[in-house]
Amino acid sequence: GAGVSQSPRYKVAKRGQDVALRCDPISGHVSLFWYQQALGQGPEFLTYFQNEAQLDKSGLPSDRFFAERPEGSVSTLKIQRTQQEDSAVYLCASSFRGGGSTDTQYFGPGTRLTVL
Amino acid sequence: AQTVTQSQPEMSVQEAETVTLSCTYDTSENNYYLFWYKQPPSRQMILVIRQEAYKQQNATENRFSVNFQKAAKSFSLKISDSQLGDTAMYFCAFRGSISNFGNEKLTFGTGTRLTIIP
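Predicted model, so just to flag it, every value in this text is computed and none were measured.

Rules of the game
- Residues numbered from 1 in each chain as written.
- Chains lettered and ligands numbered in written order.
- Predicted model: local features only at pLDDT ≥ 70, side-chain atom pairs only at ≥ 80, totals over all residues.
- Heavy atoms only, no water.
- Pairing = 2+ DSSP bridges.
- Helix = DSSP H or I, 4+ residues; strand = E, 2+ residues; numbered from the N terminus.
- Axes fitted to C-alpha atoms, helices over the stretch in contact; angles between N-to-C directions.
- Salt bridge = Lys/Arg side-chain N within 4 Å of Asp/Glu carboxyl O.
- Buried < 20%, exposed > 50% of the residue type's maximum accessible area, 1.4 Å probe, protein only.
- Contact = heavy atoms within 4.5 Å.
- Buried area = accessible area lost by both parts, 1.4 Å probe.
- Polar contact = N/O pair within 3.5 Å; in protein donor to acceptor, adjacent residues only side chain to side chain.
- Nonpolar A, V, L, I, M, F, W, Y, C, P; charged D, E, K, R; others polar.

### Describing the sheet that holds strand 1 (residues 5-7) of chain A
All names here are of chain A.
Inference 1: With antiparallel pairing, four strands are arranged side by side in an open sheet as 1-3-8-7. The two strands at the open ends of the sheet, each matched to only one other strand, are strand 1 and strand 7 (65-68). Looking at each pair of strands side by side, their axes are set apart by 15 degrees on average, direction ignored.
Inference 2: Pairing geometry for strand 1 and strand 3 (residues 19-24), over three bridges, is antiparallel. Paired with Ser5 across the bridge in strand 3 is Asp24.

Below, the structure is given as structure tokens:
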């Protein structure tokens, strides 16, 4: 079956540009997570959705970062006025059930963002 | 806040040998979950094995097993009969008690780059 997909796989942006990164979770998965992985580091949590509700956005590094999941399926991570420190791989993960479960998080291939 | 530490940035081992990757963590919680994820060069993160803290028995998945020492807050991964396809970054991850809000997320270590030598 289809796994988590992300697009684009690679994105180059000039400093100051806005970008939008898309995540298609596994069909029927309730929970969706965004992580940021800097070069040579482990992923770091950005935000979490349960269906369309954004329940935790404590990891978003600034108000330039915004995420949405309006219909409880596809999610978009938007970064406004990109800065060089935003360069990283952005990983999306989904899991079957909502909060309180221990279901496995399935990861997408990530979007590598490079800000020049 | 929970922290996860992987003190071995890189390791290499001959094919068919056994290798152990180390992970320590810090938490004040009693119930939690620990994971090892594998990230091959293609970047797709794959779950290797998981351990519930309330279970005393160490988890095993075919050639992969863990040594979970709760008192020492240690969670090492042993790969037996290593294969070329095991070459990847390995991340240890922690998830807190499911009864606490905000514990749905995973906290990762910095990873260990494992190379299997033919």
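What follows picks up the thread again.
### Some details on the pattern of salt bridges
Inference 1: Evaluation of the coordinates by the stated rule reveals eight salt bridges over all chains.
Inference 2: Lys105(B) serves as the salt-bridge partner of Asp56(A), at 3.9 Å between the closest nitrogen and oxygen. Separated into two different chains, Asp56(A) in strand 6 (residues 53-56) and Lys105(B) in the loop between strand 10 (88-95) and strand 11 (107-108) make up a pair that spans both.
Inference 3: A relative accessible area of 8% places Asp56(A) in the buried class.
Inference 4: Looking at Lys105(B), the relative accessible area reads 23%, which means it is partly exposed.
Inference 5: Lys55(B) serves as the salt-bridge partner of Glu52(B), at 3.8 Å between the closest nitrogen and oxygen.

### Concerning the interface of chain B and chain A
Inference 1: In this assembly, 20 residues from chain B lie in contact with 29 residues from chain A.
Inference 2: Summed over both sides, the interface between chain B and chain A buries roughly 2000 Å², with carbon and sulfur atoms accounting for 50% of that surface.
Inference 3: Counting across the interface, chain B meets chain A through one salt bridge.
Inference 4: On the surface where chain B and chain A come into contact, there are four residue pairs in polar contact (both at pLDDT 80 or more).
Inference 5: At the level of elements, strand 5 (33-39), strand 6 (46-52) and strand 10 of chain B are the ones that each hand at least two residues to the side of chain B that touches chain A.
Inference 6: In terms of residues, the side of chain B that touches chain A owes the most to one element, strand 5 of chain B, which gives three residues.
Inference 7: Of the residues belonging to the side of chain B that touches chain A, the class tally is nine nonpolar, six polar and five charged.

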